[in-house]
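# Summary of the model geometry
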Amino acid sequence: MEYNRQSVVKISLKNIYKVFGDDSEQALRMARACKSKAEIYASTGCTIGVDNASFDIMAGETFVIMGLSGSGKSTLLRLLNRLIESTAGAVEIDGRDITKMSKRELIELRRRDMSMVFQSFALLPNRDVLGNAAFGLEIAGVGEAQRTAKALAALDAVGLKPYAKSRPDELSGGMKQRVGLARALAGEPTILLMDEAFSALDPLIRTEMQDELMRLQAEKSRTIIFVSHDLDEAMRIGDRICIMQHGKVVQVGTPDEIVSKPANDYVRSFFRNVDVSQVFKAGDIARKTQLTIIDRQGASVAATLEQMEQSGRDVAIVVGRDKKFHGMISQDALIEKVKTKAVEPSRNAFLQDVAPIPAGEPLSNVLSRVAESRWPVPVVDEHGRYVGSISKSALLETLDRTG
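Residues numbered from 1 in each chain as written. Predicted model: local features only at pLDDT ≥ 70, side-chain atom pairs only at ≥ 80, totals over all residues. Heavy atoms only, no water.

## Concerning the packing of helix α8 (residues 173-186) against helix α9 (residues 203-219)
Where α8 meets α9, the axes come as close as 10 Å, and the angle between the chain directions of the two elements is 25°. Classified by the angle between their axes, α8 and α9 sit roughly parallel to one another. When the axes of α8 and α9 are compared, the crossing they make is right-handed. On the side of α8, the interface is formed by Gly174, Gln177, Arg178, Leu181 and Leu185, while α9 contributes Ile205, Glu208, Met209, Glu212 and Leu216. For the contact of α8 with α9, a count of residues per class yields 5 nonpolar, 2 polar and 3 charged. (Axes fitted to C-alpha atoms, helices over the stretch in contact; angles between N-to-C directions. Helix = DSSP H or I, 4+ residues; strand = E, 2+ residues; numbered from the N terminus. Parallel < 35°, antiparallel > 145°, perpendicular 65-115°, else oblique. Left-handed = near helix turned anticlockwise from the far one by under 90°. Contact = heavy atoms within 4.5 Å. Nonpolar A, V, L, I, M, F, W, Y, C, P; charged D, E, K, R; others polar.)

## Some points on the sheet that holds strand β9 (residues 240-245)
If you trace the 6 strands from one edge of the open sheet to the other, you get β6-β7-β8-β3-β9-β10, paired in mixed fashion. The strands lining the two open edges of the sheet, one partner per strand, are β6 (114-117) and β10 (248-253). Between one strand and the next, the sheet's axes are offset by a mean angle of 15°, whatever the strand orientation. Relative to strand β8 (residues 223-228), α9 is tilted by about 160°, and along the sheet it contacts β3 (62-67), β7 (191-195) and β8. (Pairing = 2+ DSSP bridges.)

## Points about the pairing of β10
Two elements, β9 and β10, share 5 bridges in a ladder whose sense is antiparallel. Note that in β10 the partner of Cys242 across the bridge is Val252. Between β9 and β10, which pair antiparallel one after the other, the connecting turn spans 2 residues, and His246 there sits at a positive phi close to 55°.

## Looking at the layout of surface pockets
Size it by volume and the second largest pocket reaches roughly 880 Å³. If you go around the second largest pocket, you meet 28 residues; those closest to its centre are Arg110, Met114, Ser115, Met116 and Gly136. Taken together, the elements giving at least two residues each to the lining of the second largest pocket come down to α4 (103-113), β6, α6 (135-139) and α8. No other element matches the 5 residues that α8 contributes to the lining of the second largest pocket. Counted by class, the lining of the second largest pocket contains 17 nonpolar, 7 polar and 4 charged residues. (1 Å grid on protein atoms, 1.4 Å probe; cavity = no way out; pocket = protein on both sides within 12 Å on 5 of 7 lines; lining within 4 Å. Points joined across faces, edges and corners; volume = space filled by probe spheres on them.)

## Brief notes about the UniProt feature "domain: ABC transporter" (unreviewed entry) in the chain
As annotated by UniProt and renumbered to match this structure, "domain: ABC transporter" (unreviewed entry) occupies residues 28-271. Structurally, residues 28-271 is divided into 43% helix and 22% strand, and its ends, taken at the C-alpha atoms, are 32 Å apart. (UniProt positions renumbered as here; feature names shortened; annotations may be inferred.)

## Some details on the packing of aromatic side chains
With the rule as written, the count across this model stands at 2 aromatic pairs. The ring of Phe20 carries Lys18 above its face, with NZ or CZ at 5.1 Å from the centroid. (Phe/Tyr/Trp six-rings, centres within 6.5 Å; stacked < 30°, edge-to-face > 60°. Lys NZ or Arg CZ within 6 Å of the ring centre and 35° of its normal.)

## Looking at the sheet that holds strand β16 (residues 386-390)
Ordered in space as β14-β15-β16, the 3 strands form an open sheet in which the pairing is mixed. Strands with a single pairing partner mark the edges of an open sheet, and in this sheet they are β14 (357-358) and β16. In terms of strand pairing, β14 meets strand β15 (residues 377-380) through 2 bridges, oriented parallel. Among the inter-strand pairings, Ile357 is bridged to a residue of β15, identified as Val379.

## Looking at the side chain of Arg206
Within the element layout of this structure, Arg206 appears in helix α9. Among all residues touching Arg206, those that are not within four sequence positions of it are Phe198, Ser199, Leu201, Ser228, Asp230 and Glu233.

## Considering the side chain of Ser373
Looking at the element boundaries, Ser373 is found in the loop between α16 (367-372) and β15. At 2.6 Å, the side chain of Ser373 and the backbone oxygen of Trp375 are in polar contact. (Polar contact = N/O pair within 3.5 Å; in protein donor to acceptor, adjacent residues only side chain to side chain.)

Rendered as structure tokens:
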């Protein structure tokens, strides 16, 4: 999903704390007084798992939580479905605070809206693939015919329907994880919690599973919260990334926001060696610094040339009234038309070797285009509207953002 700050909030965390230990009240007071994790442990023997976490997760986005071991990322994930009880604060899902739900309400929420995929495959060896995929539905009391139909549909979604009668020991590691994913999808959850779900897989299979997750997300959008310690994975699948340190949420942002404006040295250390050409898209660095001319009916070459000369620009972007990109013109091309005493519309002087780049195109795919182009390269959105141009200087500045 393209992250949109206007999206609907699905999950909202408000001042969430999790304290492990007997003297939780004293530890909580110290945490609220901004004492360090080490100070709190030395004084109370308690460990702060999550320290005053507050942020929103939007409906339909893939939200990745990452940090070093012990940073609190897996604890935070488990607070979202109350596998672990919070010490203080609120977790709202669709506006309802789950920390105040009764056991019955919580069970109903989990059955209706939430599924979880763990690092371990956790398949039942005495059941076939279909039986494993349907297991959660069976526990929830769904009838046999309905759970079989849903489990088969989930297996079909992950490409394992032909293996429905196979046993887990007949499957590869990647296939086993697909069964685990199908089991989570069978209940048709709106929220999918994934805790290091692909970390036990070989690198090639892991990449395939990431591709599979993104494909499933494109086909049917869910709110996915994905815990990972792998930076490449986070950058690849995440609409936004949450960085945690010592139980605190240090920064939340899109991959390009975090790469270009890290909150502190801890975050910067994560992204120091990131290849930004794999992070940014053409639309992220396109700038509206070029002269833009509206393609009006009957606009002559001479009138357009006069407008460019007054602006002191060698080239200009021509767009329609609907902002759609029509072409690029240069003073040189227009001057040649004037020399021939042409009076035709200026669109006849469009540069022929200029083609726009889609805003969603990865920057790595446009490096050569920009480097070899005499002019800044125009960028358009999915509707063909002009969003800006990429110059060589803007490209170099972006590639140097991480220093």
